[in-house]
Structure formats: C-alpha cells, structure tokens
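Chains, contacts and geometry: an overview
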Amino acid sequence: MSISSRLLCQKTWEKLTCIKLLGKGPKALSTLAQPKDDRVDDDNDSQTEINNESTKSESFTNYRFIYPEFLPDPNPLYRQSVREKLERMDMLRRRSVLSIPEFYVGSILAVTYSEPHAVEKLNRFVGICILREGCGLRSSFLLRNVVNGEGVEVRYDLYDPAIQKIDCLKLERRLDDELLYLRDAPLEYSTFPFDMEIETTVSQSVPLNDIKVPLKPLPWSEKWERKDLKGIKDIVVNERRRKKAAALAKPWEKYDLMKTYRETIPEEEQNEIFSDVHTELRHLEIQKIILKRKHMLQRSKPTS
C-alpha cells in the first residue's frame, strides 16, 4: 500500500514539473505568440470599439435634455437600482400609449386631462411651463396661464394615467431653469389663448427666447434678488435688501466641482441608462415623426 502511494506521488510530481516547463514556453493564445499582423488587427478592433463607444455617447448627449425624467435622483439616499429599472419599464409602456412631446421650461403646452366633474369628462388647459422637476414616475411639470384676470397654475404628473393628450404648442427655452418669477410679473407675460394652434419649428435646434421680464412693485412671493436669474429685468430693492442679498451671495459655487458632481449623474451612468432604453425611445421617435408628417399633409390639403 505504501509503495503504490509513493508511485502515485512520484507520477503526480512528474506531471506538475512537465506542466511548469510547458508554461515557460510561448503560449499559442497569448499576445507573445501572436504575429505582428494579429496584433495590428487587435489594435484596429479596439480602436473601432472606442469609436463606437464615442459615437454612442455622442448620440446620448441630447437625451439628458429631452428625457430628463429617465435619469435617477443624484442623491444616493434616494437611489435603488431595481426600482429605477422597473420605473423605466413602466415609463416606456406609458409612452407607447401616450405621446409625450419634447418640451422645456418656457414651452407652451396644452394638456387634455380626464376630469369626472367636467361637462364632457375632459378638461383642456393651456399654459407656459414654468417648472419641471422630479425624476422617474414622480416627475411633474407646472403650467401657468391667466384666466378671467387671475393667474392660474396647474401641476401635472408627467406619467399620470388620467392625462389623455399633451401637445407642445410652441417649443422654446428661456434663460432660466425655472420661471416662478412670472407670479410677480405683469399678467401679459403669462397670458396665452386657449385656442392657440401648434407652431411648427423648422430649425433643428430648440429656439431660445431671451426675453427679460420686469417685475411688479413689492411685495413679491420670493426674494428674487438673492437668486442669480437672467430673465428678470432691473430688480429694484432698497439698500438693506440689496446688502443682505450681497452678503448671502455665493459666487464661488460655480467653481465648486464637487457640488456639480453631487447634483448631476455621471456621464458613464447616463450612457448606461439610455443604452437600455435607446431602442424603444428611437422607435417612439419614428412614430412621432410619421404622425407629425401626416398632420402636416392633412393641414396642407386644400379644403373643398
């Protein structure tokens, strides 16, 4: 028994030494054993992969502006990867039923909403988008208009199943990310007709409306002099409020890279998110283009 065990140990030791000697030679599948042409092919493949990744990231650069609700909350306390993926699936299903157009803060929208107490069970509200916030299924937007001489604001959840239709009557952007200061502006800057027709934009880029709105005299709903707003013209306050606004100003925040990092989603994570939903979103965009062309053809036909 002891002799047989010694023979087995000797055989295994010989096999191990043979394997070590073979391992010292050039491997057939390693980069050392490959000829120069194969290495050039590998370099070309890696270069094409890098080019494909760069073109893919470039195609997703506008998605964070067109579909900001697909990006999760940058605060890690509110992050949960499984919930975010499930929400994105629900958002895509909702978009397959409801056509949600591209819009920004400053665009004029018309929302048809199912209202059980309305005459025809439907209510249509037209207004300018003064705020867009939230992420995922909790994303919402705020519309403002003037009805019977009074400012009216209606907040809608973007993926509310009660919304029947969303039309972007005028696609444009403003100088600021929110237009809440229209509450303290003259009413003509928030007045839009309810029978307004859709304005078609010819340019590929979204037009920028650089209008500056004057404010009414004090009091205001907020202390607008403390915010760095570009769309307000000639803010006039007394000396005490001006000094306090200057003391509370934080001009160094625009150089704070960590604050920008904390308030945004990294580009790599954006590309990963939009690559998952790119196919479905592209399919929905093609359907929108087809419907838009049909609508333009119907409008261009002469009525008998």
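About the criteria used
Residues numbered from 1 in each chain as written. Predicted model: local features only at pLDDT ≥ 70, side-chain atom pairs only at ≥ 80, totals over all residues. Heavy atoms only, no water. UniProt positions renumbered as here; feature names shortened; annotations may be inferred. Helix = DSSP H or I, 4+ residues; strand = E, 2+ residues; numbered from the N terminus. Buried < 20%, exposed > 50% of the residue type's maximum accessible area, 1.4 Å probe, protein only. Patch = residues over 30% accessible without salt bridge, like charges linked within 9 Å, V, L, I, M, F, W, Y side chains within 5 Å. Areas by Shrake-Rupley, 256 points an atom, 1.4 Å probe, with all protein chains shown as cover. Salt bridge = Lys/Arg side-chain N within 4 Å of Asp/Glu carboxyl O. Expected span 1.5 Å × (residues − 1). Bend = angle between axes of the 7 residues up to and from the residue. 1 Å grid on protein atoms, 1.4 Å probe; cavity = no way out; pocket = protein on both sides within 12 Å on 5 of 7 lines; lining within 4 Å. Points joined across faces, edges and corners; volume = space filled by probe spheres on them. Nonpolar A, V, L, I, M, F, W, Y, C, P; charged D, E, K, R; others polar. Phe/Tyr/Trp six-rings, centres within 6.5 Å; stacked < 30°, edge-to-face > 60°.

Per an unreviewed UniProt entry, the chain goes by Large ribosomal subunit protein bL19m and derives from Bombus terrestris. According to the UniProt record, the Sequence similarities (unreviewed entry) comment for the chain reads "Belongs to the bacterial ribosomal protein bL19 family."

In this section: unusual backbone geometry. Glycine aside, a negative phi is what most residues show, and trans is what most peptide bonds show. Of the consecutive residues leucine 218 and proline 219, the connecting peptide bond is found in the cis state with omega at 10°. Relative to the helices and strands, proline 219 is located in the loop between β6 (213-214) and β7 (232-233). The backbone phi angle of asparagine 148 is positive, close to 55°, even though this residue is not glycine. Mapped onto the elements of the fold, asparagine 148 is located in the loop between β3 (140-147) and β4 (150-157). Residue classification places asparagine 148 among the exposed residues on the basis of a relative accessible area of 78%.

A cluster of nonpolar side chains, namely Val82, Leu86 and Met89, defines an oily patch on the protein surface of about 280 Å² accessible area. Looking at the element boundaries, valine 82 is found in helix α4 (residues 81-97).

What follows concerns helix α7 (residues 267-300). Between its terminal C-alpha atoms α7 stretches only 43 Å, short of the 50 Å expected from 34 residues at 1.5 Å a residue. The largest bend along α7 reaches roughly 55° and is located at histidine 278. For α7, the complete set of buried residues consists of Gln270, Asn271, Ile273, Phe274, Val277, Leu281, Leu284 and Glu285.

Under the criterion given, the structure shown has one cavity of 30 Å³ or more. What lines the largest cavity is a set of 14 residues, among which Leu71, Pro72, Glu84, Glu87 and Gly136 lie closest to the centre. The residue makeup of the lining of the largest cavity, split by class, is six nonpolar, one polar and seven charged.

Attention now moves to the layout of surface pockets. Estimated volume of the largest pocket: approximately 1,600 Å³. Taken together, 42 residues line the largest pocket, and the ones lying closest to its centre are Pro101, Glu102, Leu171, Lys288 and Lys292. Elements represented by at least two residues in the lining of the largest pocket include exactly α3 (63-66), α4, β5 (163-170) and α7. Of all the elements, α7 adds the most residues to the lining of the largest pocket, at ten residues. Of the residues belonging to the lining of the largest pocket, the class tally is 20 nonpolar, nine polar and 13 charged. Elements represented by at least two residues in the lining of the second largest pocket include exactly α3 and β2 (122-133).

As enumerated under the stated definition, the model contains eight aromatic pairs in all. Judged by centre distance (5.4 Å) and plane angle (90°), the ring pair of tyrosine 63 and phenylalanine 274 falls under edge-to-face. Remark: phenylalanine 274 occurs in helix α7 and tyrosine 63 occurs in helix α3; sequence separation between them is 211 residues. Accessibility assignment for this pair places tyrosine 63 and phenylalanine 274 in one class, buried. Arranged with centres 5.9 Å apart and planes meeting at 90°, the rings of tyrosine 67 and phenylalanine 70 form a pair that is edge-to-face. In terms of burial, tyrosine 67 and phenylalanine 70 fall into one category: buried.

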